[in-house]
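The chain contents come next:
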Amino acid sequence: MSAFFVHKEAVTQWIRHLARSNTVYFPQRAGQSGFRFKPVKETTEIQFDRYQPTLAPPGKKLAPAEEPLFRYRKQGDAAPELVPILDQSPRILAGVRPCDLKGIHLMDRANREGHGDPHYLTRRTHTILIAHDCLQPCDDSCFCDAVGSLGWRDNADLFLTSLEDHILIEVRTGPGETLIQGMNFPVCTDVAAVKSRAEAQRAQPFGRQFHADLARIPAIIASQWQAPVWEKQVERCFSCGSCNLVCPTCYCFDVHDDFDLTDPNAGQRTRTWDGCMLPQFAEVAGGHNFRPNPAARQRHRVKRKFEYLTERFAEGSFCTGCGRCGRQCTTDIDIFNIVNDLIDHAEANS
Amino acid sequence: MSATPHASDPAIDPALYLPRMARILEVTPLTAREKYFKVELPEPLGHRPGQFVMLSLLGVGEAPISISCGPRADNMLEMVIRDAGSLTHVLHGLKPGQQVGVRGPFGSGFNLDDFYGKQVLCVVGGLGLVPMRSLIQPILAQLDRFASLTIISGCRSPAEELYRDEVRAWERLGQETGKVRVIRLVDRTQNLPWDGQVGLVTAPLSSLPIDPAQTVVALCGPPVMYKFVLLELTARGLSHAQIFVDLERRMKCGVGKCGHCQINHVYCCQEGPVFRFDQIAHLPEALQ
Ligand SMILES: Cc1cc2nc3c(=O)[nH]c(=O)nc-3n(C[C@H](O)[C@H](O)[C@H](O)COP(=O)(O)OP(=O)(O)OC[C@H]3O[C@@H](n4cnc5c(N)ncnc54)[C@H](O)[C@@H]3O)c2cc1C
Ligand code: SF4
Ligand code: SF4
Ligand code: FES
């Protein structure tokens, strides 16, 4: 498909232009704490260079913390009226980094498997992704290269690469194409040359690396069910679930009903994020808890990212290496270190 | 310019979380904590033994509940519900004529093909009798297709016994046909009248007159029960491939999405809740 090589100032104008007739989210500085994906306004600073991973990943716009599944109205003895709530409002997520782009790809896989989740998939259909490559690691916490997210571009509608004061815009889908229609951007005549110049600027090695090849990690972790690493790594864990909340590939949920305060016959069934690190996540009636302690829960979280879902979907990893869980944990528990500890422990005992 | 969306996704199932409404026909207390419900759906449920539904009340909530009746051509669904929390408590207050929401059937269930021609052994503890009845009913309905049926059913005390009359009817059928054996046990009689045995469901296993090579077992009960029953069965020479277990996990969706029901990498609501034991015996979380 087509590609354009555009001055950064023109790209900024284009994003603002898109935001006049669409909801466009772009990572914007929010206080001291870092960046958040927020709707672009006329005054929004659009810059691609100074970026730290946002607090919440952009994929959460497709699965909000709380969302109605359906509304109901009881009608006496007759069948109640049930109306599924599917969000068809269009949105553009711009400035999405490869790790988060991969995160959305993984969420697509999970939500399309078996019974396709109508709420996620409807939003996904109405979402266009403008991704942007990373030539330098965001900070010391990320490890996207180690899990194969760096350079991920499969599900981008448009993929952008910054090179000095220009940006290479690669069009990858029809919906992506419509976004640049009428812009008269200068066509890039030698995409390969631009890319190789950008590639030459990419940091080497790129961020933190595991002590073993990614392909070996599922088997290594599978062999470490009883490892002391689990206990050691959660000594300080509060079971607060923050690591689940910020993860681009955590999608577990809880469901509850609310009735309208003004009309007890009407209301909605709502789902909210849940997290496998929370103590009651696997508790059943009668009080039996299938993962009663933090070590068992942490093991489950790590195995979901690096073994269970990875193997179920034949993806290299269900952790995108975004580093958010490590960044957010108030007690500095970092999944990267857990995995490396497991690798070291396995090597030492083999 | 406004963005054009991607092509509509054929995987989207708009009604995935919408319940069908069913009308309550009968509510009967079985014990102080459990009530039997018979409800009528708009069309047949079309289930297999061992499957479950997500049962809900609008404005209150939704929970996984076992299907307690065998496959049937009419629109009826039978369940037994223990008053265990917010939703189940409100359910206990419902009367015939009122409506409940039903999604499903969900899960693997039992496949009768695995049981035809065999000496079937059902081992149940407590509420486990509720889903097991959905297997026992179709076996009794075509008894000539099975070598025999043995039911070992235990509960804590005589006051907690479920389906009292029906279980005794099974017992009488056994006396008439010689093909059905029912062993009823309680942990303790608690000074109540009791016409069965006292002890755990594991007790009768060692001396049970079965041919291990011809036996297939279905197992459903509280988590603690499985380990001990499996030990006894293994001691009798049964392999894990001859044993089907019905497992319980927290479940919030029934459709493989909410993540609550995972047993290691396995989704209990999808691949389970009934498993041939050799297929999950290696999972460390299976019998915790
Ligand atoms: C496959 C399956 C079949 C079941 N069959 C039956 C049945 O036939 N009859 C019956 O009475 N019960 C059955 N249960 C248990 C039943 O689902 C719970 O008792 C019910 O969810 C409690 O809901 P509540 O709103 O009344 O309780 P709550 O007020 O929500 O909580 C009360 C207790 O129930 C536990 N609990 C909450 N939600 C769930 C959940 N989704 N799954 C499991 N436990 C939960 C809580 O940890 C707490 O200990 C089954 C469970 C499963 C997984
Ligand atoms: S954020 Fe840290 S303390 Fe909180 S549950 Fe996760 S690992 Fe434990
Ligand atoms: S597990 Fe941590 S590093 Fe991996 S994707 Fe989730 S939040 Fe990012
Ligand atoms: S019950 Fe939700 S994934 Fe199984």
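See the structure printed just above.
Residues numbered from 1 in each chain as written. Chains lettered and ligands numbered in written order. Predicted model: local features only at pLDDT ≥ 70, side-chain atom pairs only at ≥ 80, totals over all residues. Heavy atoms only, no water.

S.K.: Would you explain the site of ligand 3 in this entry?
M.R.: Close to ligand 3 lie F143, C247, P248, C319, T320, G321, C322, G323, R324, C325 and I335 of chain A. In terms of residue class, the shell around ligand 3 is made up of seven nonpolar, three polar and one charged. (Near = heavy atom within 4 Å. Nonpolar A, V, L, I, M, F, W, Y, C, P; charged D, E, K, R; others polar.)

S.K.: What's the story with the site of ligand 1 in this structure? I'm lost.
M.R.: The environment of ligand 1 is made up of 21 residues, and the closest members are P64, R82, T88, R249 and M251 of chain B. Looking at the residues close to ligand 1, they fall on chains A and B. Separating a nitrogen atom of ligand 1 from a backbone N or O atom of A285 of chain A is a distance of 3.2 Å. Here a nitrogen atom of ligand 1 and a side-chain polar atom of S66 of chain B are 2.8 Å apart. Coverage of ligand 1 by the protein amounts to 86% of the 870 Å² it exposes when considered alone. For the shell around ligand 1, the leading source of residues is strand 4 (residues 61-66) of chain B, giving four residues. Looking at side-chain class alone, the shell around ligand 1 contains 11 nonpolar, four polar and six charged residues. Three or more residues apiece are contributed to the shell around ligand 1 by two domains, here domain 1 (14-106) and domain 2 (112-279) of chain B. (Polar contact = N/O pair within 3.5 Å; in protein donor to acceptor, adjacent residues only side chain to side chain. Areas by Shrake-Rupley, 256 points an atom, 1.4 Å probe, with all protein chains shown as cover. Helix = DSSP H or I, 4+ residues; strand = E, 2+ residues; numbered from the N terminus. Domains from an automatic or database assignment.)

S.K.: Please explain the packing of aromatic side chains as it appears in this structure.
M.R.: The relation between two aromatic rings is expressed through the spacing of the ring centres and the mutual angle of the planes. Counted under the stated rule, the structure contains 15 aromatic pairs over all chains. Measuring from centroid to centroid gives 5.9 Å for F210 of chain A and F306 of chain A, while their planes differ by 80°, and the two rings are edge-to-face. Of the two residues, F210 of chain A is situated in the loop between helix 5 (191-201) and helix 6 (217-222) and F306 of chain A in helix 9 (residues 294-312); the sequence distance between them amounts to 96 residues. Here the two residues F210 of chain A and F306 of chain A agree in accessibility, since each one is buried. Members of the aromatic cluster, each reached through a chain of ring pairs, are F143, F210, F306 and F336 of chain A. Lying over the aromatic face of F159 of chain A, R153 of chain A brings its terminal NZ or CZ to 4.0 Å of the ring centre. One cation-aromatic arrangement involves R184 of chain B over W194 of chain B; the distance from NZ or CZ to the ring centre is 5.3 Å. (Phe/Tyr/Trp six-rings, centres within 6.5 Å; stacked < 30°, edge-to-face > 60°. Buried < 20%, exposed > 50% of the residue type's maximum accessible area, 1.4 Å probe, protein only. Lys NZ or Arg CZ within 6 Å of the ring centre and 35° of its normal.)

S.K.: Where do I start with the interface of chain A and chain B in this structure?
M.R.: How big an interface is tends to be reported as the loss of accessible area on association of its parts. Contact with chain A, which involves 65 residues of that partner, is made by 49 residues of chain B. For the pair chain A and chain B, the interface holds five salt bridges. With its nearest N and O atoms 3.5 Å apart, the salt bridge here joins R269 of chain A to E62 of chain B. Taken together, the connections running from chain A to chain B amount to 29 residue pairs in polar contact (both at pLDDT 80 or more). At six residues, the largest contribution of residues to the side of chain A that touches chain B is made by helix 3 (residues 118-125) of chain A. Class assignment for the residues of the side of chain A that touches chain B results in 31 nonpolar, 18 polar and 16 charged. (Contact = heavy atoms within 4.5 Å. Salt bridge = Lys/Arg side-chain N within 4 Å of Asp/Glu carboxyl O.)

S.K.: What is the right way to read the pairing of strand 5 (residues 78-84) of chain A from this model?
M.R.: In regular strands, side chains alternate between the two faces of the sheet. Residue and element names in this part refer to chain A. Taken together, the five bridges between strand 4 (residues 66-75) and strand 5 define a ladder with antiparallel strand orientation. Paired with Q75 across the strands is A78, a residue of strand 5. The turn linking strand 4 back onto strand 5 is made up of two residues, and G76 within it adopts a positive phi angle of 60°. (Pairing = 2+ DSSP bridges.)

S.K.: Could you clarify how one ought to interpret the packing of helix 9 of chain A against helix 11 (residues 335-348) of chain A in this entry?
M.R.: Between two packed helices, what matters for the description is the angle formed by their axes and the separation of those axes. Residue and element names in this part refer to chain A. Two numbers describe how helix 9 lies on helix 11: the axes approach to 11 Å, and their chain directions differ by 85°. Looking at the two axes, helix 9 sits roughly perpendicular to helix 11. Judged by residue contacts, Q298, R301, V302, K305 and F306 of helix 9 engage I335, I338, V339 and L342 from helix 11. (Axes fitted to C-alpha atoms, helices over the stretch in contact; angles between N-to-C directions. Parallel < 35°, antiparallel > 145°, perpendicular 65-115°, else oblique.)

S.K.: Got a minute to help me understand unusual backbone geometry in this structure?
M.R.: Most peptide bonds take the trans form, and the phi angle of most residues other than glycine is negative. Put simply, Q204 of chain A and P205 of chain A share a cis peptide bond, and its omega is -10°. The omega torsion of the bond from G272 of chain B to P273 of chain B falls at 5°, within 30 degrees of zero and hence cis. Relative to the elements of secondary structure, P273 of chain B occurs in the loop between strand 14 (266-267) and strand 15 (274-276). A positive phi angle, close to 50°, is found at E164 of chain A, a residue other than glycine. In this fold, E164 of chain A is placed in the loop between strand 8 (158-163) and strand 9 (166-171). Positive phi, normally seen in glycine, also occurs at N191 of chain B, with a value near 60°. Here N191 of chain B is to be found in the loop between strand 9 (180-186) and strand 10 (197-198).

S.K.: So what exactly am I meant to see when it comes to helix 2 (residues 129-141) of chain B here?
M.R.: Because each turn of an α-helix spans 3.6 residues, side chains separated by three or four positions in sequence point in the same direction. All names here are of chain B. Taking 1.5 Å per residue as the helical rise, helix 2 with its 13 residues ought to reach 18 Å, and the 17 Å between its terminal C-alpha atoms agrees with that figure. At L135, helix 2 is bent by approximately 25°, the largest bend along its length, and proline P138 sits one to four residues beyond. Those residues of helix 2 lying buried are L129, V130, P131, M132, R133, S134, L135, I136, P138, I139 and L140. (Expected span 1.5 Å × (residues − 1). Bend = angle between axes of the 7 residues up to and from the residue.)

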